[in-house]
Amino acid sequence: MIITHNIPWDKCLSHQIWPAIGKGWKDEDKPIHFFWGLAGKNIGDIKRCIEADEEWWYVDVGYLTEQITRYPEPIINNFDKTYFRIVKGGLHTIRGHVGNGSRLSELANKGIDTKFKGWNTTDNKDDKHILVCPSSPTVTYHINGMTQQEWINEITEELKKHTKRKIVVRNKPRPGNQWWNTDIKDELKNAHCLVTNMSLAAVDAVMNYVPAIAHGKNIASPITSRDLKYVERPFKPGKKTMEEWLKFVVDNQFTLNEIENGTAYNLLKEQQNGLKQL
C-alpha cells in the first residue's frame with residue numbers, strides 16, 4: 001500500500017510528484033510511505049515509520065539538477081532537466097552501486113554540469129578561507145539535535161582549534177537575507193575547504209575544485225572528510241573515485257517523467273539488491 005504524506009499547501013511540489021509516484025511505483029502488500037521534505041507532520045510521521053519498522057522513502061530536490069524556482073512559490077522551470085532524489089530510509093543516498101555512466105552522459109548532454117574538474121592547486125595559501133554552510137534549521141535539528149546557530153557556533157569553535165584561516169559562514173539564500181541572489185560559486189573561488197552537515201553545498205564544492213568535510217549521512221560523504229581535524233589536509237579523491245561517485249549519484253535522482261514511467265522504481269529496486277556502502 002503506497003502512502004503519500006501530503007503537505008497542506010496547494011503550491012507544494014509534492015502535489016505534482018505524488019501522482020507520478022502513484023503511476024510509476026509498484027504497489028506491494030505492505031505500507032510504503034513517501035515524504036516530501038521535513039515540513040508539516042513529516043518528522044513525526046517518519047519517526048513513527050521507524051518505530052513501526054515500515055518502509056519509507058524521502059523525496060526532495062536532486063543532487064545534480066537544474067534548480068527549481070523556490071520563491072515566492074516552487075516552480076519547475078524545465079521538466080526534462082529537473083531531477084528529484086528518492087531515498088530509502090534517509091535524507092541522502094549513501095548506499096548503492098556504481099552505475100554504468102549512461103545517465104551521467106545523459107545529464108551532460110542536457111547541459112547539466114557533471115564533470116569533475118580536479119582540485120584547487122593553491123590549497124596551502126594562507127589567504128584561502130574555510131566556508132561553513134549549514135543545512136536548514138529543520139534539517140540541522142533533525143540530524144544534529146541542535147539549532148542551526150548552535151551548530152554554527154560549535155563548528156566554528158572546533159575549526160579554530162585546527163586552523164588559523166578565516167572562517168566564512170554562508171547560509172541558504174532566502175528572500176531578505178544577505179545571501180539572497182548570490183551564487184555559492186563566488187565564495188568557493190577562494191575557499192580552501194567547505195564544511196557542512198547535510199547541505200548540498202558539499203556537491204557544489206567538490207564540483208568546483210574545493211574539497212569538503214561533511215556529515216556521514218551526506219550524499220558527498222564517500223568523497224569528503226568527516227573530521228574537522230583534517231581541515232588543513234582534507235580528503236581529495238582521485239579522478240576515478242570521483243567519476244564512480246558521480247555515476248552512483250545520478251542513478252539515485254529522477255525527472256518527473258522517469259518517476260511516472262517506472263524508471264525510478266526499477267533503478268532504485270536494482271540499487272537495493274546487493275546493497276553496499278560506497
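Quick note: structure is the one above.
Conventions adopted
Residues numbered from 1 in each chain as written. Predicted model: local features only at pLDDT ≥ 70, side-chain atom pairs only at ≥ 80, totals over all residues. Heavy atoms only, no water. Helix = DSSP H or I, 4+ residues; strand = E, 2+ residues; numbered from the N terminus. Rg over C-alpha atoms; globule rule 2.2 N^0.38 Å. Buried < 20%, exposed > 50% of the residue type's maximum accessible area, 1.4 Å probe, protein only. Contact = heavy atoms within 4.5 Å. Arc of directions from axis to C-beta. Pairing = 2+ DSSP bridges. Axes fitted to C-alpha atoms, helices over the stretch in contact; angles between N-to-C directions. Polar contact = N/O pair within 3.5 Å; in protein donor to acceptor, adjacent residues only side chain to side chain. Core = buried A, V, L, I, M, F, W, Y, C linked by side-chain atoms within 4.5 Å.

> Whenever I open this one, the overall build of the protein chain confuses me. Can you help?
Regarding its fold elements, the protein chain presents ten helices and nine strands. Radius of gyration (C-alpha) of the protein chain: 19 Å, near the 19 Å computed for a compact globule of 278 residues. The C-alpha extent of the protein chain, read off along each of the three principal axes, is 60 × 40 × 35 Å. Counting only residues that meet the buried cut, the protein chain has 51% of its 278 residues in that class. Contacts in the protein chain between residues far apart in sequence, at least 24 positions, make up 64% of those at least 6 positions apart.

> I keep staring at the side chain of Thr 114 and nothing clicks. Help me out?
Along the chain, the position of Thr 114 falls in the loop between helix 3 (102-109) and strand 5 (129-133). Apart from the residues lying within four places of it in its own chain, the contact partners of Thr 114 are Leu 104, Leu 107, Ala 108, Met 207 and Leu 246.

> Would you mind going over helix 2 (residues 42-52) with me for this structure?
An α-helix turns once per 3.6 residues; consequently, residues spaced three or four apart project the same way. For helix 2, the set of buried residues is Asn 42, Asp 45, Ile 46 and Cys 49. Summarising the axial view, the buried residues of helix 2 lie within an arc of 105°, below the 170-degree limit, and thus occupy one face. Along helix 2, the residues that are exposed and aim more than 90 degrees away from the buried face are Lys 47 and Glu 51. Those residues of helix 2 that are buried lie in contact with strand 1 (2-5), strand 2 (32-36) and strand 3 (55-61). Positive phi shows up at Asp 53, right after helix 2, with a value of about 55°.

> Looking at this model, I keep getting lost on the sheet that holds strand 1. Mind explaining?
Adjacent strands of a sheet form backbone hydrogen bonds with each other and so pair up, either parallel or antiparallel. Strand order in the open sheet made by the five strands is 1-2-3-4-9, with mixed pairing throughout. A single partner strand is all that each edge strand has here, and the edge strands are strand 1 and strand 9 (253-254). In this sheet, strand 3 lies alongside strand 2 in parallel orientation, the contact comprising five bridges. Bridging from a neighbouring strand, Trp 36 pairs with Val 59 of strand 3. Here helix 2 sits on the sheet in contact with strand 1, strand 2 and strand 3, set at roughly 155° to strand 2.

> Looking at this structure, I do not really get the side chain of Asn 208. What am I missing?
In this fold, Asn 208 is placed in the loop between helix 7 (201-206) and strand 8 (212-213). What makes Asn 208 buried here is its relative accessible area of 15%. There is a polar contact of 2.7 Å between the side chain of Asn 208 and the backbone oxygen of Asp 204. Setting aside its immediate chain neighbours within four residues, Asn 208 contacts Lys 117, Lys 185 and Leu 188.

> What am I meant to see in the nonpolar core here?
A general tendency of soluble globular proteins is for nonpolar side chains to be buried together. With 68 residues, the main nonpolar core has Ile 17, Trp 25, Trp 36, Ile 86, Leu 194, Trp 245 and Ile 259 as its most contacted residues. Looking at this core, the element that brings in the most residues is helix 8 (residues 239-250), giving six residues. Core analysis: the next-biggest nonpolar cluster, separate from the first, contains twelve residues, Ile 130, Ile 152, Val 195 and Leu 228 among them.

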